[in-house]
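So the chains spell out like this:
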Amino acid sequence: MMHQNLPGQPHLAYRGNELFSEDVRLSDLAKQFGTPLFVYSKAAMLSALQGYQRGFAGRHVQICYAMKANPALAVIQVFARAGCGFDIVSGGDLARVLAAGGEADKIIFSGVGKTRAEMRSALDAGIGCFNVESEAELEVLSDVALSMGLRAPVSIRVNPNVDPKTHPYISTGLKNSKFGIAHERVLSSYQRAAALAGLRVVGIDCHIGSQITQEEPYLDTVDRMLDLVQSIEAAGIPIRHIDFGGGLGINYNGETPPDACQLWEKLLARLDARSFGDRQLMIEPGRSLVGNAGVCLTEVLYLKPGTPKNFLIVDAAMNDLPRPAMYQAFHQIVPLQSRTDASKHWDVVGPVCESGDWIGHDRALASQPGDLLAVLSAGAYCMSMASNYNSRGRASEILVEGEQAHLIRRRETIADQMSSEILL
Ligand code: LLP
């Protein structure tokens with residue numbers, strides 16, 4: 001049988017005219033579990049992780065999966081078993097990691113608005129590090145830790161003022177961003193942290209943005225971070241680990257982001273050149289570990305040809321796939337049963353009552369009602385940002401492992417949705 005791989009999607013291939021994820025025929029899953037349906041390939045996640053692991057071979061490094069990209073318990077389990085730590089941003093994230101068997105001391109806690117309650121539960125669990133994002137947060141964290149008789153391990157998130165050259169909503173390391181502490185205030189913040197009795201300085205971190213497709217922003221950031229480490233240590237404050245954040249982009253539509261392994265070889269060469277190569281390193285990748293491991297399957301409900309637009313209405317919507325509406329993001333859309341006669345172009349849209357509810361514009365497809373489509377690159381920031389808008393239940397999720405398909409989340413029912421509400 002003819003195998004045809006999809007560019008940038010190593011786990012996806014047409015066998016004959018049927019699309020498979022690993023050894024599972026996707027149309028079978030759609031029939032068995034219904035649509036919309038998210039399907040993730042475990043092999044694709046692990047091979048993305050191996051890219052980083054190869055690049056770091058022989059180094060002292062902790063890879064902390066940024067679970068906001070895809071916080072499904074089973075996905076966390078896959079990464080925990082592979083030795084990963086986790087970058088969390090809420091008490092909810094913390095509970096998920098612990099429930100899925102992640103190790104507390106490999107957790108780092110990012111975010112500009114940690115509450116006292118979240119700090120307490122993270123201290124109680126014994127997480128590895130708080131990535132602190134403001135001077136005010138240093139004071140509160142010290143206070144909370146002291147009240148528990150503890151010293152909180154901290155790293156300060158530096159805002160290096162580097163342009164990651166990505167979408168403005170996902171740029172985080174520029175001067176005007178709410179994230180991190182401005183480069184010029186970092187040294188004095190470390191001096192304050194070192195003086196606070198409830199804190200223990202362990203590292204330094206940064207994160208400049210997401211879906212980064214060039215290597216220069218990373219290389220610039222490394223230099224700026226190392227300059228800071230030198231001046232902080234010259235002030236007598238040792239920095240044990242250096243965390244470079246996440247942000248490496250993926251191929252959605254022909255982008256060619258640097259390969260994780262090659263990028264890290266280059267970054268490590270810079271560290272070595274400045275004698276920082278033996279430090280403990282950390283990174284926080286999210287999208288690049290899971291984005292292209294996932295697809296969202298959807299059924300064509302109606303064709304609505306017209307002038308000037310032809311609409312193809314599917315059963316997935318902006319509540320399942322919010323990235324096009326939020327960032328004008330591009331996701332490839334392909335049929336589960338390939339056809340060759342795609343003569344018309346369609347705007348692929350969902351049932352939600354908003355003009356912003358679109359999944360793809362101007363796509364050549366030959367679909368009929370009842371046909372199945374796959375929206376690609378749907379492993380990151382899709383299900384994690386899904387909502388119940390229009391009282392739509394969130395989709396089911398499947399994790400494929402070779403020929404096996406594990407249901408890892410059942411479809412949300414309307415009873416689930418109403419269960420926390422109270423009538424007058
Ligand atoms: N570390 C921190 C502190 C972060 O804020 C993020 C992502 C990451 C790591 C992981 O970045 P990644 O490797 O996934 O690029 N919803 C947007 C992306 C938001 C990213 C937020 N922060 C999207 O769908 O494009």
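In the block above lies the structure referred to throughout.
First, a word on what this report is: a plain description of the structure on this page. (Residues numbered from 1 in each chain as written. Predicted model: local features only at pLDDT ≥ 70, side-chain atom pairs only at ≥ 80, totals over all residues. Heavy atoms only, no water.)

1. Comments concerning the overall build of the protein chain
Quick reminder of the rule: Secondary structure elements follow DSSP: runs of H or I no shorter than four residues count as helices, runs of E no shorter than two count as strands, and numbering proceeds from the N terminus. Only protein chains enter the calculation, and the probe is 1.4 Å; a residue is then buried if its accessible area is under 20% of its type maximum, exposed if over 50%, and partly exposed in between. The protein chains shown are the only cover counted for residues, whose accessible areas, like all others here, come from Shrake-Rupley with a 1.4 Å probe.
What the protein chain contains, in helices and strands, is 12 helices and 22 strands. Expressed along its principal axes, the backbone C-alpha trace of the protein chain runs to roughly 70 × 60 × 40 Å. In the protein chain, which comprises 424 residues, the share counted as buried stands at 54%. Accessible surface for the protein chain amounts to roughly 17700 Å². Of this, 51% is attributable to carbon and sulfur atoms.

2. Details of the sheet that holds strand E3 (residues 18–21)
Heads up, the rule is: The rule for pairing is simple: two strands pair if DSSP sees at least two bridges between them.
Ordered in space as E1-E2-E3-E4, the 4 strands form an open sheet in which the pairing is antiparallel. Of all strands in the sheet, those bounded by a partner on one side alone are strand E1 (3–6) and strand E4 (24–25). Pairing geometry for E3 and E4, over 2 bridges, is antiparallel. Within E4, the position partnered with Phe20 by the bridge is Arg25.

3. Let's talk about unusual backbone geometry
Apart from glycine, the bulk of residues carry a negative phi angle, and the bulk of peptide bonds sit in the trans form. Pro36 follows Thr35 through a cis peptide bond whose omega is -10°. Along the polypeptide, Pro36 turns up in the loop between helix H1 (26–33) and strand E5 (37–41). Of note, the bond from Thr307 into Pro308 is cis; its omega dihedral lies within 30 degrees of zero at 0°. Here Pro308 is to be found in the loop between strand E15 (294–304) and strand E16 (311–314). Phi angles above zero are rare outside glycine, and Asn161 is one such case at about 55°. Here Asn161 lies in the loop between strand E10 (152–159) and strand E11 (181–182).

4. Side note on the pattern of salt bridges
Defined as follows: Between Lys or Arg on one side and Asp or Glu on the other, a salt bridge is scored when a side-chain nitrogen of the former is within 4 Å of a carboxyl oxygen of the latter.
Inspection of the entire model under this criterion finds 21 salt bridges. The salt bridge involving Asp227 is made with Arg274; its shortest N-O contact spans 2.7 Å. Pair noted here: Asp227 is in helix H8 (residues 216–234) and Arg274 is in the loop between helix H9 (260–273) and strand E14 (280–283), with a separation of 47 residues, a long-range link. When its relative accessible area of 24% is taken as the criterion, Arg274 is described as partly exposed. Between Glu412 and Arg394 there is a salt bridge; the shortest N-O distance is 3.0 Å. Note that Glu412 is positioned in the loop between strand E22 (404–409) and helix H12 (414–418) and Arg394 in the loop between strand E20 (372–375) and strand E21 (396–401), a separation of 18 residues in sequence.

5. Let's talk about the side chain of Asn70
Applicable threshold: Any pair of N or O atoms that falls within 3.5 Å is considered a polar contact. Within protein, one atom must be able to donate a hydrogen and the other to accept it, and sequence-neighbouring residues count only if both atoms are side-chain atoms. Residue contacts follow a heavy-atom distance rule, with two residues in contact if any of their heavy atoms lie within 4.5 Å.
Note that Asn70 resides in the loop between strand E6 (61–66) and helix H3 (73–81). Among the polar contacts listed, one links the side chain of Asn70 to the backbone oxygen of Gly379, at a separation of 3.0 Å. Residue contacts for Asn70: discarding those within four places in its chain leaves Tyr40, Tyr65, Val75, Val290, Gly379, Ser384 and Glu397.

6. Considerations on the site of the ligand
The following threshold applies: The nearness test applies per residue and asks whether one of its heavy atoms lies within 4 Å of the molecule or strand. By the convention adopted, Pro, Cys, Tyr, Trp, Phe, Met, Ile, Leu, Val and Ala count as nonpolar, Lys, Arg, Asp and Glu as charged, and the other residues, Gly among them, as polar. Boundaries between domains were set according to an automatic or database domain assignment.
In the neighbourhood of the ligand, 19 residues make up the surrounding shell, with Ser210, Glu284, Arg323, Tyr327 and Tyr381 lying closest. One of the backbone nitrogen or oxygen atoms of Gly247 is found 2.8 Å away from an oxygen atom of the ligand. Take Gly286: an N or O atom from its main chain is 2.9 Å from an oxygen atom of the ligand. Class assignment for the residues of the shell around the ligand results in 6 nonpolar, 7 polar and 6 charged. There are two domains that each give the shell around the ligand at least three residues, and those are domain 1 (3–41 + 291–418) and domain 2 (110–285).

7. Quick notes on the layout of surface pockets
Basically, it comes down to this: Using a grid of 1 Å spacing that covers the protein atoms alone, one calls a set of points a cavity when a 1.4 Å probe fits there but cannot get out, and a pocket when the set is open and has protein on both sides within 12 Å along at least five of seven lines; lining residues are those with an atom within 4 Å of a point. Grid points are joined across faces, edges and corners, and a volume is the space filled by probe spheres set on the points.
For the largest pocket, the calculated volume is near 640 Å³. Around the largest pocket, the lining is made up of 31 residues, and of these Lys68, Thr172, Phe179, His207 and Tyr381 lie nearest the centre. Tallying contributions element by element places helix H11 (residues 323–327) first for the lining of the largest pocket, with 3 residues. By residue class, the composition of the lining of the largest pocket is 12 nonpolar, 11 polar and 8 charged. Each of domain 1 (3–41 + 291–418) and domain 2 (110–285) contributes no fewer than three residues to the lining of the largest pocket. Taken as a whole, the second largest pocket spans an internal volume of roughly 500 Å³. Around the second largest pocket, the lining comprises 23 residues; the ones closest to its centre are Gly8, Ala48, Ile250, Ser288 and Asn292.

8. A look at the packing of aromatic side chains
As a reminder of what qualifies: Here a pair means two rings of Phe, Tyr or Trp (six-membered ring of Trp) with centres within 6.5 Å. Their orientation is stacked below 30 degrees between planes, edge-to-face above 60, and tilted elsewhere. Two limits define a charge over a ring: the Lys NZ or Arg CZ must be within 6 Å of the ring centre, and within 35 degrees of the ring normal.
One pass over the structure, following the stated rule, counts 6 aromatic pairs. Through pairs of rings, three or more aromatic residues link up here, namely Phe56, Phe244 and Trp264. Here the guanidinium or amino end of Arg15 rests over the ring plane of Phe20, the centre of that ring lying 4.5 Å away. Sitting over the face of the ring of Phe109, Lys114 holds its NZ or CZ atom 5.5 Å from the ring centroid.

9. Describing the packing of helix H2 (residues 42–55) against H9
The line we're drawing: Angles run from 0 to 180 degrees between N-to-C directions of axes, and those axes are lines fitted to C-alpha atoms, restricted for helices to the stretch in contact. For classification purposes, angles smaller than 35 degrees are called roughly parallel, those larger than 145 roughly antiparallel, those between 65 and 115 roughly perpendicular, and all remaining angles oblique. Note on convention: the crossing is left-handed when the near helix lies turned anticlockwise from the far helix by less than a right angle, right-handed when the turn is clockwise.
Between H2 and H9, whose axes approach to 7 Å, the crossing angle comes to 25°. Viewed along their axes, H2 and H9 adopt a mutual orientation that is roughly parallel. In the packing of H2 onto H9, the handedness of the crossing is right-handed. Contacts from Gly51, Tyr52, Arg54 and Gly55 of H2 reach H9 at Ala260, Cys261, Trp264 and Leu268.

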